[in-house]
Structures are given as C-alpha cells and as structure tokens.
Amino acid sequence: RRFQQQICQHRFPKLSAEARDTLTISGGLATFPWDGADVAGPLEQADRNALASKRSGKNAITFGPGSGGVSQGSPPHA
C-alpha cells in the first residue's frame, strides 16, 4: 500500500503540463513455492494477478493464492 501511495503522490516534473493526471499502478504478485512449484508457475500466476488488477480498476495490486487478497490503493489526489 505504501508503494501505491508513493506512486500516486509523486510528481514528474519532466512531464510538466503533459502530466495532468495522477499516476496509479496496478500489478500482480506471486510467491514461490505457494503460487507455483517451478520457475514458470509464479510468473504465470503474477501475470494472471496483474490482469485481474487491471480489470478491477485503477490502483490495485492482486496477490497470489498463496497470500490471497487485493490491495486497493487510495483514490488518487488531484
């Protein structure tokens, strides 16, 4: 959640007027061995989790079944 908040609050001065909106982040996390028994398993699970985060809306991190849950970040501040 702290990572999401820092992304939302960070300003990108090099983008100046082009950066009118707040940046948010959505992603997926998976862990070994809980989300896969080999190298490919957690990577595939993390990809599925990232897609689930994107479908759920802005600023979400979906964790693998090994840890469960979704971290829905706070709404971006204007």
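Residues numbered from 1 in each chain as written. Predicted model: local features only at pLDDT ≥ 70, side-chain atom pairs only at ≥ 80, totals over all residues. Heavy atoms only, no water.

1. Quick look at the overall build of the chain
In terms of regular secondary structure, the chain is built from 2 helices and 3 strands. Order of helices (α) and strands (β) in the chain, N terminus to C terminus: α-β-α-β-β. A total of 78 residues make up the chain; the buried ones form 26% of that total. Sequence separation of 24 or more characterises 43% of the internal contacts of the chain that already satisfy a separation of 6 or more. (Helix = DSSP H or I, 4+ residues; strand = E, 2+ residues; numbered from the N terminus. Buried < 20%, exposed > 50% of the residue type's maximum accessible area, 1.4 Å probe, protein only. Contact = heavy atoms within 4.5 Å.)

2. A closer look at helix α2 (residues 40-56)
In this model α2 runs 24 Å from its N-terminal to its C-terminal C-alpha over 17 residues, within 8% of the 24 Å that 1.5 Å per residue would give. Along α2, the residues classified as buried are G41, P42, Q45, A46, N49, A50 and S53. Buried residues along α2 cover an arc of 165 degrees about the axis, so they all sit on one side. Of the residues in α2, the exposed ones pointing more than 90 degrees away from the buried face are L43, K54 and R55. (Expected span 1.5 Å × (residues − 1). Arc of directions from axis to C-beta.)

3. A few points about the side chain of N49
Take N49: it is sitting in helix α2. Those residues in contact with N49 that lie beyond four places of it in its chain are G27, G28, L29, A30, T62, F63 and G64.

4. Things to note about helix α1 (residues 2-9)
Of all the positions in α1, only Q4, I7 and C8 are classed as buried. For α1, the arc enclosing every buried residue in end-on projection is 95 degrees, short of the 170-degree limit, so these residues lie on one face. Turned more than 90 degrees away from the buried face of α1, the exposed residues are R2, Q6 and Q9.

5. A short note on the confidence of the model for the chain
Interpretation of this model should avoid reading the predicted coordinates in detail wherever pLDDT is low. Per-residue confidence for the chain gives a mean pLDDT of 78; residues scoring 70 or more make up 72%. The least confident element of the chain is strand β3 (residues 70-72), whose mean pLDDT is 59; the most confident is α2, at 91. (pLDDT = per-residue confidence, 0-100.)

6. Digging into unusual backbone geometry
The omega torsion of the bond from F32 to P33 falls at 5 degrees, within 30 degrees of zero and hence cis. Looking at the element boundaries, P33 is found in the loop between β1 (27-29) and α2.

7. Concerning the pairing of strand β2 (residues 60-63)
Pairing between β1 and β2: 3 bridges, direction parallel. Among the inter-strand pairings, G27 is bridged to a residue of β2, identified as I61. For the segment spanning β1, α2 and β2, crossover handedness is left-handed. (Pairing = 2+ DSSP bridges. Right-handed = clockwise from strand over helix to strand, strands pointing away.)

8. Observations concerning the environment of I61
Assignment of secondary structure puts I61 in strand β2. Among the residues examined, I61 registers a relative accessible area of 11% and is labelled buried. Once the C-alpha coordinates of I61 and I25 are considered, the two residues, 36 residues apart in sequence, prove to be 7.8 Å apart.

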